Amino acid sequence: MSGEFVDLRSDTVTRPTPAMRRAIAAADVGDDLFGEDPSVRALEEEVADRFGRQAAVFTPSGIMATQVLLRALTTPGTEVVCESYAHLAAYEAGAAAINAQVQLRTIDGDRGRLDADRVAAALRPPGFPYVGLAMISVEETTNRGGGAVHGVERLEALRRLADEHGVPLHGDGARLFNALAATGDDPRRVGAVFTAFSVCLSKGLGAPVGSVAVGDTAVIDEARAWRRRFGGAMRQAGVLAAAGSYALRHHVDRLADDHAHARLLAEVLVGTHPWAVDVDAVETNMVFVDTGRRPAADVAAELADARVLVAAMGPTTLRLVTHLDVDADGCRRAADHLVAALTGP
Ligand SMILES: Cc1ncc(COP(=O)(O)O)c(C=O)c1O
């Protein structure tokens, strides 16, 4: 056992850098509920502008960004279609049923990605007694799908389908910046594809708190009202927004490093255990590892003893996520311990 912890459980574990802390300390603030926090306004304007959209609203979490959009874009007693692995369906503690009072219809895709043809084939005919389709929701990149990327063309096909059915296309863009880094797609083209979407500042971008919901003014005004109803309207939130703005300026371009580190990890592992990892599936900052005959929880515990933290996502599946606080050496160390753990005594 040696060295610092290499924490690959999630990209949410990062701590603000000294420079980000300085930006937080210097933030100009006011009461955001009165629309008087200049740092929050600057962040909202910057995010909307990057994606070529009219408006944005800062929320305390990714889930709240999704929930306020869901509530703003749907009516109770209708159905939202999403992929089976969607965060919305799996990890939000039933929030959609409580907040927006919608039912979720999950459709199998590939690695968390929705395919327009498959969705089209699964949609129910309109009219009583069928439940009305309210919205299609898509995650970019996919979390449970291992950081897989739809890319703008696949998203545009989903938007065409949503338009044909007269419903909005929602984007959970918790890792949308990772997708953009991987594809090189134009943010304005991707921003235009969704009726409304969110981006997260506290995952790959390394800010301590916050997400931003983005869309047209009318939808964002409505989302802002729902944020208030959900208790998520904040006061001098500029200290948080300043971290987000700093992250947008300094931590977007470096996402490519995280992707290179994930690939490095996978490539070391595949050298000795080709069955354990699919290198081609490593598109962004996640590596899913098959632990074979060893339970994933046992491998994770063994790695933790060596100060390498990973997440067990299933009986024989580990997830490793690269981020700002892990460098190439850390990834090599993690890969070496993983190789040893999978090789056994
Ligand atoms: C795809 C996706 N959406 C939403 C969230 C929720 O974000 P938060 O934890 O900020 O609520 C996560 C968190 O990991 C996520 O991976």
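Presented here is a report on the structure given in the accompanying data block. (Residues numbered from 1 in each chain as written. Predicted model: local features only at pLDDT ≥ 70, side-chain atom pairs only at ≥ 80, totals over all residues. Heavy atoms only, no water.)

A few words now on the sheet that holds strand 9 (residues 286-290). Spatial strand order, 9-12-11: three strands in an open sheet with antiparallel pairing. The strands lining the two open edges of the sheet, one partner per strand, are strand 9 and strand 11 (311-314). Neighbour to neighbour, the strand axes of the sheet diverge by 35° on average, direction disregarded. Two strands pair when backbone bridges link them, and strand 9 and strand 12 (residues 317-321) are joined in this way by five bridges, in the antiparallel orientation. (Pairing = 2+ DSSP bridges. Helix = DSSP H or I, 4+ residues; strand = E, 2+ residues; numbered from the N terminus. Axes fitted to C-alpha atoms, helices over the stretch in contact; angles between N-to-C directions.)

Moving on to the nonpolar core. If you look at the biggest cluster of nonpolar residues, it comprises 47 residues, and the most contacted ones within it are Phe 58, Val 119, Phe 177 and Val 212. Setting aside residues no more than four positions away along its own chain, Val 119 makes contact with Val 81, Ile 107, Leu 114, Ile 136, Leu 158 and Leu 161. The next biggest cluster of nonpolar side chains, apart from the first, holds 28 residues, and it includes Val 6, Ala 266, Leu 269 and Val 289. (Core = buried A, V, L, I, M, F, W, Y, C linked by side-chain atoms within 4.5 Å. Buried < 20%, exposed > 50% of the residue type's maximum accessible area, 1.4 Å probe, protein only. Contact = heavy atoms within 4.5 Å.)

Of all seven residues in strand 5 (residues 133-139), six are buried; the element is thus mostly enclosed. Relative to strand 5, strand 3 (residues 79-83) runs parallel, the two being bridged by three bridges. For Val 80, the partnering residue across the bridge sits in strand 5 and is Met 135. Pairing of strand 5 with strand 6 (residues 169-173), which is carried by four bridges, proceeds in the parallel orientation. In the sheet register, Ile 136 faces strand 6, and the bridge partner there is Leu 169.

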